[in-house]
Amino acid sequence: MSDTTGNLSLSDRTKHKPDYQLLACIGIMVPFGLVMIYSASFVDGINDHQNSLYFLLRQLFAALVGTVGLLIAQRMNYRWWRTYSLHIFVVSLGLLFLTGFVLPDSITRVNDSRSWIRFGVLSVQPSEFVKLTLIIYLASWLSRRGTRLTNLIYGTLPFGVIVGLVTALVMVGKDLGSTTIIVVASVFIYFVAGASIFHLLGAGLLGLHSFLVGINVASYRLDRINAWLDPSSYVSAAGWQPIHALYALASGGIFGVGLGQSRQKYLWLPQSYTGAILAIIGEELGLIGTL
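Summary of the structure given here. (Residues numbered from 1 in each chain as written. Predicted model: local features only at pLDDT ≥ 70, side-chain atom pairs only at ≥ 80, totals over all residues. Heavy atoms only, no water.)

### What about the packing of helix H4 (residues 85–102) against helix H6 (residues 126–145)?
Line of reasoning, step 1. Relative orientation of the contacting elements H4 and H6 amounts to 150°, with a least axis distance of 9 Å. If you check the angle between H4 and H6, you find them roughly antiparallel. In the crossing of H4 with H6, the sense of the turn from one axis to the other is left-handed. Residues Ser 85, Leu 86, Ile 88, Phe 89, Val 91, Ser 92, Leu 95, Leu 96 and Thr 99 of H4 lie in contact with H6, whose contacting residues are Pro 126, Ser 127, Phe 129, Val 130, Thr 133, Leu 134, Ile 136, Tyr 137 and Ser 140.
Line of reasoning, step 2. In terms of residue class, the contact of H4 with H6 is made up of twelve nonpolar, six polar and no charged. (Axes fitted to C-alpha atoms, helices over the stretch in contact; angles between N-to-C directions. Helix = DSSP H or I, 4+ residues; strand = E, 2+ residues; numbered from the N terminus. Parallel < 35°, antiparallel > 145°, perpendicular 65-115°, else oblique. Left-handed = near helix turned anticlockwise from the far one by under 90°. Contact = heavy atoms within 4.5 Å. Nonpolar A, V, L, I, M, F, W, Y, C, P; charged D, E, K, R; others polar.)

### Some thoughts on the environment of Val 43
Line of reasoning, step 1. With respect to the secondary-structure elements, Val 43 resides in helix H1 (residues 20–49).
Line of reasoning, step 2. Considered as a pair, Val 43 and Phe 198 are 155 residues apart in the sequence and their alpha carbons are 52 Å apart.
Line of reasoning, step 3. Residue contacts for Val 43: discarding those within four places in its chain leaves Lys 265, Tyr 266 and Leu 267.

### As for the pattern of salt bridges
Line of reasoning, step 1. Evaluation of the coordinates by the stated rule reveals two salt bridges.
Line of reasoning, step 2. For Glu 128, the salt bridge identified is with Lys 131, shortest N-O distance 2.9 Å. In this pair, Glu 128 and Lys 131 are both assigned in helix H6, three residues apart and thus about one turn of the helix distant.
Line of reasoning, step 3. The partly exposed category is assigned to Glu 128, whose relative accessible area is 41%.
Line of reasoning, step 4. Accessibility expressed as a relative area gives 18% for Lys 131, which makes it buried. (Salt bridge = Lys/Arg side-chain N within 4 Å of Asp/Glu carboxyl O. Buried < 20%, exposed > 50% of the residue type's maximum accessible area, 1.4 Å probe, protein only.)

This is the structure in structure tokens:
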């Protein structure tokens, strides 16, 4: 049992074994990701930074930081997160506010998106941080609501205000992708907690309307949707990337052309080491590699 401060009694301070299956997945995915980051990025590294290892070293640093964070987090009592959920959530909102309204474009803007904080070689995207802190805060907030979750006034409306505030701050940075992920994840958490299905359907219709508005108010978003539906109809940048991603996947077939042997990464496929890296994996390692 724990006391009112969330501290465990001596009888509850038993050390539990880690989830070895989860650790095994991470232990496989992270090294595999590092290998593919290098394979997909060394051409851009040489072309843009005169260093074939440029992006690999950045990703390796992030992996080391993440590993340290994992080792620390797995030794922490999960009740600590509930105690300080509001604090870390407010900090993440503050970072989003700084990114959207305070910090200069030279620090925050990347590819027409004002969603980064960069200091030299270090960079962080606050929307990624808020994805985690919102989950922690919603879990704590929903657990305290109990049976009142199905009440429109005490459950659904406050939930909508919380998620709406986060998505509004993220959308200031023109990050519709992160906004969509945040909304979908929040709705699933609310559903699992015991929300009213009718309230969720109403919120879903409102969210769909907002999503469609978000697409139509920015022409480049609409171009991306149309290019996804029919890449061959777009000769602009919106169609260029999906077409060459399809070329890469088609070239890979079942078993791929071989690790490091991709042709599309030679400046044909834009951002081949970020959002389009799955295409490079498919080209080099085939369908088997993507699976």
